[in-house]
Amino acid sequence: MRKIAVIMSGNAPHNRTFNEPKFNKYITQLIYFPEFGQTVLDEFDVLLFPSQLNEKLLIRAANKVRTFANNGGIVVAFGPQPWEWLPNQKWEERETNFWWWLEEDAKSGLVLSAPHYDLFNYLTLTDATWHQHGVFWPPNGAEKLITTEDGGAVMYVDKVSTKGTLIITTLDPDYHFGAYFMPATERFLDGFIPWIAEGKI
């Protein structure tokens, strides 16, 4: 099983999500973000950055995170966190429709673009569907896992921008599960965290 470090802001949703026993059992260490700069990362295989982290701290951490990735590490970024802290994040802001499922003939607009990918042995597109915050346009060679109908990436895996692996998504399951709403987000985490720990990436 991979050793996972989760970088925490200390807010209530983070605390609830990553201390939840069924998720926490996969986590080697919770790192308080202001202490990240002093933390030795050698023992970890994965750094997971939850949504809604402090922008200034993300930018300050950028070089250390990129070094971790270039040493072969896996970096997971829930989002959207489109600032210049990970390479080749090309972000497009879009209006968020929080209530699309109440519309007549409702469609989420999401597409499973890599159904063969091992992640989808752990979860389904429905588990990754609540609302959208915008899209990324990944570099050539990255693999889009979930997209909008026009091809914008809601989740992608980038093995070309560093010597490691970047798993970047606009989805924010940690916030919604930790704030006690959006049932799909619990199903997403039920699959995603075991996949990060044990799946084929």
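Provided above is the structure to which this section pertains.
Residues numbered from 1 in each chain as written. Predicted model: local features only at pLDDT ≥ 70, side-chain atom pairs only at ≥ 80, totals over all residues. Heavy atoms only, no water.

Asker: Explanation requested: the nonpolar core in the structure shown.
Answerer: The tendency in soluble globular proteins is for nonpolar side chains to be buried as a group. Ranked by size, the top nonpolar core spans 38 residues in total, and within it Val76, Leu119, Leu145, Ile167, Phe188, Phe192 and Ile196 carry the most contacts. Within the residue set of this core, elements represented by two or more residues are β1 (4–8), β3 (46–49), β4 (74–77), β8 (143–148), β9 (153–158) and α5 (183–198). If one sorts the elements of this core by residue count, α5 sits on top with 8 residues. When residues no more than four places from it in sequence are discounted, the contact partners of Ile196 are Arg2, Ile4, Val46, Val76, Ile167 and Ile201. (Core = buried A, V, L, I, M, F, W, Y, C linked by side-chain atoms within 4.5 Å. Buried < 20%, exposed > 50% of the residue type's maximum accessible area, 1.4 Å probe, protein only. Helix = DSSP H or I, 4+ residues; strand = E, 2+ residues; numbered from the N terminus. Contact = heavy atoms within 4.5 Å.)

Asker: Would you take a moment to explain the pattern of salt bridges for this structure?
Answerer: Two side chains of opposite charge can pair, provided their charged atoms sit close to one another. If you walk through the whole model with that rule in mind, you get 3 salt bridges. Of the charged contacts, one joins Arg187 and Asp127 as a salt bridge, the two residues approaching to 2.8 Å between their closest N and O atoms. Of this pair, Arg187 sits in helix α5 while Asp127 sits in the loop between β6 (110–112) and β7 (134–136), placing them 60 residues apart in sequence. Look at Arg187 and you get partly exposed, because its relative accessible area is 36%. What emerges from the salt-bridge pattern is a single network uniting Lys22, Glu186 and Asp190. (Salt bridge = Lys/Arg side-chain N within 4 Å of Asp/Glu carboxyl O.)

Asker: Hey, could you run me through the layout of surface pockets in this one?
Answerer: Rolling a probe over the atoms, with the probe sized like a water molecule, indicates the empty space that remains. Taken as a whole, the largest pocket holds about 150 Å³ of empty space. Looking at the largest pocket, the residues that line it are Leu41, Asp42, Phe44, Asp45, Lys64, Thr67, Phe68, Asn71, Gly72 and Gly73. Looking at side-chain class alone, the lining of the largest pocket contains 3 nonpolar, 4 polar and 3 charged residues. (1 Å grid on protein atoms, 1.4 Å probe; cavity = no way out; pocket = protein on both sides within 12 Å on 5 of 7 lines; lining within 4 Å. Points joined across faces, edges and corners; volume = space filled by probe spheres on them. Nonpolar A, V, L, I, M, F, W, Y, C, P; charged D, E, K, R; others polar.)

Asker: Teacher, can you tell me more about the packing of aromatic side chains here?
Answerer: Note on aromatic pairs: each is described by the distance of the centres and the angle between the planes. A complete count under the given rule lists 14 aromatic pairs for this structure. Ring plane angle 75 degrees and centroid distance 5.3 Å describe the contact between Phe23 and Phe177, whose orientation is recorded as edge-to-face. With Phe23 in helix α2 (residues 21–24) and Phe177 in helix α4 (residues 173–178), the pair connects residues that are 154 residues apart, well separated along the chain. For Phe177, a relative accessible area of 4% corresponds to the buried category. (Phe/Tyr/Trp six-rings, centres within 6.5 Å; stacked < 30°, edge-to-face > 60°.)

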